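The lines below spell out each chain.
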Amino acid sequence: MNIHEKYIKRCIELAQNGLGTTYPNPMVGSVIVHDNKIIGEGWHKKAGEPHAEVNAIKSVKDEGLLKNATIYVSLEPCSHYGKTPPCSDLIIDRNIKNVVIGTMDPFAKVAGRGIKKLLEAGCKVKVGILENECLELNKRFFTFHKKQRPYIILKWAQTRDGFIAPDIQQKNRPVWITNKYSGQQVHKWRSEEAAILVGTNTVLNDNPSLNVRNWTGNHPTRIFIDKDLKTPENIALKDGNHASIVLCNNKPDSKRENNLNYEEIDFSKNLAESVCDVLYRNNLQSVIIEGGAKTLQQFIDIGLWDEARVFEGQSEFEKGIRAPELIAKIASEKEINGDRLKIYRNDQSPNI
């Protein structure tokens, strides 16, 4: 690992502190180096608040060192006015002449303009350091802006004999296949993504809340399919505590309030693609598809997914609802107190 890779790696580590809190902005980290010593660090913490470069520059105790320093940043500095001023202007204003960037920004308002502005101001700019790692860091952001759809995570738990639910299930009483530690991991994931989606049967059988109860963080926008509006009014997803979107055939006549929004989709078309269209219109950059088997399989069948997270518990049902059929290579695997967690990646995920 060369010196530039070392400091971009540190930028990535810093940026990861913003997972789940920077939405809809990307995660970005920055370090400032003088004489091979880090003199400033920062990361973007929340949309509307200072960007990584601003926080890194503010952390430098002796600003006189900046003119002979190098600023490293995992993503191209912005060049436009949003809720905060352009970071490229700040770098120029502070007379930082050396800039090293992990990867360019695909966002239309940036897209190389930040680099161009730095070069025109006389800065030396190096781009493409640990680029794959920087792309992976903001896979949600890049997918959303390049493919015009959210980053799609499939998630389910199955028994050792391949079932996700028993043959007979008591209504509103979900049957737990995995242990409490795996359950806590799921709540952590929810805090990291913009949205979570389930099908009609999951709502009717389990009455899920789809919130973050066993972790600290933001609640995802809860989305559920209810084609004919047959879910009861007293279900958890209509409690108004967190934002929910109902995907239906026809919106109800009466106006609904209380954090609940209805979106019409054409059920004669591919459901997975229609769901992605709604999420894109609502600026939701990522989604966990959490069930049920039929809903998950529709995404799998057309290859419209980016990542699958599959738990395998220790129990067996012998009969019941079969787990989705997924043929893909395992990217990683680990044990969680007896449960097995397998992560799959889809390198052929399509645009829509």
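Here is what the cut-offs are and how they apply
Residues numbered from 1 in each chain as written. Predicted model: local features only at pLDDT ≥ 70, side-chain atom pairs only at ≥ 80, totals over all residues. Heavy atoms only, no water. UniProt positions renumbered as here; feature names shortened; annotations may be inferred. Pairing = 2+ DSSP bridges. Helix = DSSP H or I, 4+ residues; strand = E, 2+ residues; numbered from the N terminus. Axes fitted to C-alpha atoms, helices over the stretch in contact; angles between N-to-C directions. Contact = heavy atoms within 4.5 Å. Salt bridge = Lys/Arg side-chain N within 4 Å of Asp/Glu carboxyl O. Phe/Tyr/Trp six-rings, centres within 6.5 Å; stacked < 30°, edge-to-face > 60°. Buried < 20%, exposed > 50% of the residue type's maximum accessible area, 1.4 Å probe, protein only. Lys NZ or Arg CZ within 6 Å of the ring centre and 35° of its normal. Core = buried A, V, L, I, M, F, W, Y, C linked by side-chain atoms within 4.5 Å. Polar contact = N/O pair within 3.5 Å; in protein donor to acceptor, adjacent residues only side chain to side chain.

- Taking an unreviewed UniProt entry as the reference, the chain is identified by name as Riboflavin biosynthesis protein RibD belonging to Christiangramia sabulilitoris.
- Quoted verbatim from the Function (unreviewed entry) heading of the UniProt record, the comment on the chain is "Converts 2,5-diamino-6-(ribosylamino)-4(3h)-pyrimidinone 5'-phosphate into 5-amino-6-(ribosylamino)-2,4(1h,3h)-pyrimidinedione 5'-phosphate."

**Looking at the sheet that holds strand β8 (residues 195-198)**
Right, so step 1: Read across the sheet, nine strands follow the order β11-β10-β9-β8-β12-β6-β13-β16-β15 without closing on themselves; strand pairing throughout is mixed. Unpaired on one side and paired on the other, β11 (260-264) and β15 (330-336) mark the two borders of the sheet. Going from strand to strand, the sheet's axes swing by 20 degrees on average, the running direction of each strand aside.
Right, so step 2: Running at roughly 125 degrees to strand β6 (residues 151-158), helix α6 (residues 139-147) makes contact with β6, β12 (286-291), β13 (307-312) and β16 (339-345) of the sheet.
Right, so step 3: Packed onto the sheet, helix α9 (residues 271-281) meets β6, β8, β9 (221-225), β10 (244-248), β11 and β12 and runs at close to 130 degrees relative to β11.

**A closer look at the pattern of salt bridges**
A side chain with one charge may pair with a side chain of the opposite charge, provided their charged atoms come close.
Right, so step 1: Under the definition given, this model contains 21 salt bridges.
Right, so step 2: Notably, a salt bridge pairs E136 with K139, separated by 3.2 Å at the nearest N-O pair.

**Notes on the packing of aromatic side chains**
Right, so step 1: Summed over the entire model, instances satisfying the criterion amount to four aromatic pairs.
Right, so step 2: Seen in terms of ring centroids, Y7 and Y72 are 5.1 Å apart; in terms of plane orientation they differ by 50 degrees. Their pairing is tilted. With Y7 in helix α1 (residues 3-15) and Y72 in strand β3 (residues 70-75), the pair connects residues that are 65 residues apart, well separated along the chain.
Right, so step 3: Among the residues examined, Y7 registers a relative accessible area of 3% and is labelled buried.
Right, so step 4: Taking the centre distance of 6.0 Å and the plane angle of 70 degrees together, the rings of F141 and F142 count as edge-to-face.
Right, so step 5: The class of F141 is buried, set by a relative accessible area of 5%.
Right, so step 6: Note on F142: relative accessible area 5%, which makes it buried.
Right, so step 7: Over the aromatic face of W43 sits the side chain of K45, whose NZ or CZ is 4.9 Å from the ring centroid.
Right, so step 8: Lying over the aromatic face of F163, R322 brings its terminal NZ or CZ to 4.2 Å of the ring centre.

**Some words on the nonpolar core**
For soluble globular proteins, the rule of thumb is that nonpolar side chains tend to be buried together.
Right, so step 1: Counting 33 residues, the largest nonpolar core has I152, L154, W156, L247 and F299 as the members making the most contacts within it.
Right, so step 2: The element best represented in this core is α9, accounting for six residues.
Right, so step 3: In contact with W156, other than residues within four places in its own chain, are I164, L296, I300, R309, V310, F311, A323, P324 and L326.
Right, so step 4: Formed by 25 residues, the second largest nonpolar core is a distinct cluster that contains I39, L66, C87 and F142.

**Considering the environment of E307**
Right, so step 1: Structurally, E307 can be placed in strand β13.
Right, so step 2: Along the sequence, E307 and I343 sit 36 residues apart, while their C-alpha atoms lie 7.1 Å from each other.
Right, so step 3: When near neighbours in sequence (up to four residues on either side) are disregarded, E307 contacts K139, Y151, I152, I153, L154, I343, Y344 and R345.
Right, so step 4: Of the polar contacts made by the side chain of E307, one reaches the side chain of K139; its length is 3.1 Å.

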